[in-house]
Amino acid sequence: MSLLSMCEHAEATALSVAIRESTLLFPVIEGVHVLALALSLGTIMFVDLRLLGWAMRRTPVDAVVEQLQPWTIAGFALMFLSGGLLFWSEPVKCITTPAFIIKMLAIAILGLNMLSFHFGIYRTVAQWGQGELLPSPAKRAGAVSLALWVLVVFTGRWTAYF
Amino acid sequence: MSLQAFYEWSTATWLSVFLQNSQYAFPLIEVVHLVGLTMFLGPLVVLNLRLLGMGLRAASVSELSESVSPWLWAGFALTTATGALLFISEAFPKLYENGAWRPKMFCVAAGLILLLTWQRRLTKAGRAEANPVQAKAVAILSLTFWFGAGVAGRAIGFM
């Protein structure tokens, strides 16, 4: 079954129709999606800024990462859930919108970036996390994350214009 | 000049006409508005979580506040500048008659006043740690006003 026909099936489900046709449901879900952005992206951005040495230089990297992580995860779960529902309400439109495809690609790269950071340089954080000048893989991870998340916000809002 | 006249005048300026006639100006400005919002709300949420005692306890409130301030105000400036352009482009009749616009401005004003007064005092060295109840109250108020502004802001487009 092709992706398009899968999306056509999804679009015909009762849940999809309900969200699409309700006057309140779609705006409420979208409101949650936008506000959870502050929670997930806000905390992620903060870790990125720390990795780049642009904020919280006196606090060890692992303290910043670990203490913000629960909020990042909670925010991301909310994003994923509300985003999933928004997608479900108009999947055919989404997969045929270039901005949405770019957004999904960016999120995939962000996932890989996050994994390579956590299972790479972050494992030795005890050795370098106190410093103001961080090793370049850590800085690179922060820079990639910051740039791509801005792209995600950009393409996410752009998707809604089509 | 009455309020309505001000809204009408804003929408009649050449800048407004230019923005209304451009196909891409509005969406582009709105996207930057959203990026600015994230830049502003992110540090604010982190600061308020710290005031609630629920995150980043490795740093003191004053240290965290100092560190988030440049980002917070840069985000605020970006949101305000783009917000002003959005206002100019559709002040009258859309925003003038929109039920969500005034509640949003109320939330922004209240959040800003709180940020510049009570919240600022509490982020001085040792204050929040000495007054945990006040710190929590301020954080809850601040989150309510700013998330209120976000919800009302999003609602403008759906009215």
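These numbers were taken from a predicted model, which means no experiment stands behind them.

Peer 1: Can you lay out the pattern of salt bridges for me, pointing to particular residues and giving the numbers?
Peer 2: For the coordinates displayed, the defined rule picks out 7 salt bridges over all chains. The partner of Arg154(B) in a salt bridge is Glu30(A), with the nearest N and O atoms 2.5 Å apart. One end of the pair, Arg154(B), is in helix 8 (residues 132-156); the other, Glu30(A), is in helix 3 (residues 25-52), on a second chain. You'll find Arg154(B) and Glu30(A) in the same group, each marked buried. Between Glu90(B) and Lys94(B) there is a salt bridge; the shortest N-O distance is 3.5 Å. Of this pair, Glu90(B) and Lys94(B) both sit in helix 4 (residues 61-97), 4 residues apart, roughly one helical turn. On the basis of relative accessibility, which here comes to 17%, the residue Glu90(B) falls in the buried class. Shared partners join several salt bridges into a network, and the residues in it are Arg58(A), Glu63(B) and Glu66(B).

Peer 1: Could you give me a rundown of the interface of chain B and chain A, with the residues and numbers involved?
Peer 2: Many authors give the size of an interface as the accessible area that is lost as the parts come together. Taken together, the contact pairs 34 residues of chain B with 31 residues of chain A. Both sides together, the interface formed by chain B and chain A hides about 2900 Å², and carbon and sulfur atoms give 79% of it. Run the count over chain B and chain A and you get 4 salt bridges. Here Glu63(B) and Arg58(A) are joined by a salt bridge, their closest N and O atoms 3.8 Å apart. Elements with a minimum of two residues in the side of chain B that touches chain A: helix 3 (25-51), helix 4 and helix 8 of chain B. In terms of residue class, the side of chain B that touches chain A is built from 24 nonpolar, 5 polar and 5 charged.

Peer 1: Summarise a positive patch on the surface; cite the residues concerned and give the values.
Peer 2: On the surface, Arg120(B), Arg121(B), Lys124(B) and Arg127(B) cluster together into a patch of positive charge. Following the sequence through the fold, Arg120(B) ends up in helix 6 (residues 118-122).

Peer 1: So what's going on with the state of the cysteines? Residues and values would help.
Peer 2: Scanning the entire structure with this criterion turns up 0 disulfides over all chains. No disulfide involves Cys94(A); its sulfur sits 8.2 Å from that of Cys7(A), the nearest cysteine.

Peer 1: Which residues make up the packing of helix 8 (residues 136-159) of chain A against helix 3 of chain B, and what values go with them?
Peer 2: It is at 9 Å that the axes of helix 8 of chain A and helix 3 of chain B come closest, and there the two elements cross at 135 degrees. The pairing of helix 8 of chain A with helix 3 of chain B is recorded here as oblique in orientation. As for how helix 8 of chain A packs across helix 3 of chain B, the hand of that crossing is right-handed. Contacts between helix 8 of chain A and helix 3 of chain B involve Val150(A), Val153(A), Phe154(A), Arg157(A) and Trp158(A) from the former and Pro27(B), Leu28(B), Glu30(B), Val31(B), Leu34(B), Val35(B) and Thr38(B) from the latter. Counted by class, the contact of helix 8 of chain A with helix 3 of chain B contains 9 nonpolar, 1 polar and 2 charged residues.

Peer 1: Just give me the short version of the environment of Gly36(B), but keep the residues and values in it.
Peer 2: Residues and elements named next belong to chain B. Inspection of the secondary structure assignment puts glycine 36 in helix 3. Sequence separation between glycine 36 and leucine 72 is 36 residues; the distance between their C-alpha atoms is 9.3 Å. Other than its neighbours up to four places away in sequence, glycine 36 contacts Gly75, Leu78 and Thr79.

Peer 1: Just give me the short version of helix 3 of chain A, but keep the residues and values in it.
Peer 2: All names here are of chain A. Look at helix 3: 39 Å from first C-alpha to last across 28 residues, which is about the 40 Å you get at 1.5 Å a residue. Largest kink in helix 3: about 30 degrees, centred on alanine 36. The buried fraction of helix 3 is high, at 25 of 28 residues. Glycine 53 occupies a position one or two residues after helix 3 and carries a positive phi of about 80 degrees.

Peer 1: Can you explain the side chain of Asn98(B)? Please cite residues and give values.
Peer 2: Positionally, Asn98(B) belongs in the loop between helix 4 and helix 5 (101-116). With residues near it in sequence (within four places) discarded, Asn98(B) still touches Ile156(B) and Met159(B).

Peer 1: I'd like to hear about the packing of aromatic side chains, residue by residue, with values.
Peer 2: Residue and element names in this part refer to chain B. For the coordinates displayed, the defined rule picks out 17 aromatic pairs over all chains. Between phenylalanine 76 and tryptophan 146 the ring centres are 6.4 Å apart and the planes differ by 80 degrees, which places this aromatic pair in the edge-to-face class. Taken together, the residues span a long stretch of sequence, with phenylalanine 76 in helix 4 and tryptophan 146 in helix 8 at a distance of 70 residues. Using a relative accessible area of 17% as the deciding quantity, one classes phenylalanine 76 as buried. An aromatic cluster of at least three residues, connected via ring pairs, comprises Phe6, Tyr7, Trp9, Phe87, Phe92, Tyr96 and Trp101. For arginine 102, the ring lying beneath its charged end belongs to tyrosine 96, and the centroid distance is 5.2 Å.

Here is what the cut-offs are and how they apply
- Residues numbered from 1 in each chain as written.
- Chains lettered and ligands numbered in written order.
- Predicted model: local features only at pLDDT ≥ 70, side-chain atom pairs only at ≥ 80, totals over all residues.
- Heavy atoms only, no water.
- Salt bridge = Lys/Arg side-chain N within 4 Å of Asp/Glu carboxyl O.
- Helix = DSSP H or I, 4+ residues; strand = E, 2+ residues; numbered from the N terminus.
- Buried < 20%, exposed > 50% of the residue type's maximum accessible area, 1.4 Å probe, protein only.
- Contact = heavy atoms within 4.5 Å.
- Buried area = accessible area lost by both parts, 1.4 Å probe.
- Nonpolar A, V, L, I, M, F, W, Y, C, P; charged D, E, K, R; others polar.
- Patch = residues over 30% accessible without salt bridge, like charges linked within 9 Å, V, L, I, M, F, W, Y side chains within 5 Å.
- Areas by Shrake-Rupley, 256 points an atom, 1.4 Å probe, with all protein chains shown as cover.
- Lys, Arg positive; Asp, Glu negative; His and termini not counted.
- Charge placed at Lys NZ, Arg CZ, Asp CG, Glu CD.
- Disulfide = S-S within 2.5 Å.
- Axes fitted to C-alpha atoms, helices over the stretch in contact; angles between N-to-C directions.
- Parallel < 35°, antiparallel > 145°, perpendicular 65-115°, else oblique.
- Left-handed = near helix turned anticlockwise from the far one by under 90°.
- Expected span 1.5 Å × (residues − 1).
- Bend = angle between axes of the 7 residues up to and from the residue.
- Phe/Tyr/Trp six-rings, centres within 6.5 Å; stacked < 30°, edge-to-face > 60°.
- Lys NZ or Arg CZ within 6 Å of the ring centre and 35° of its normal.

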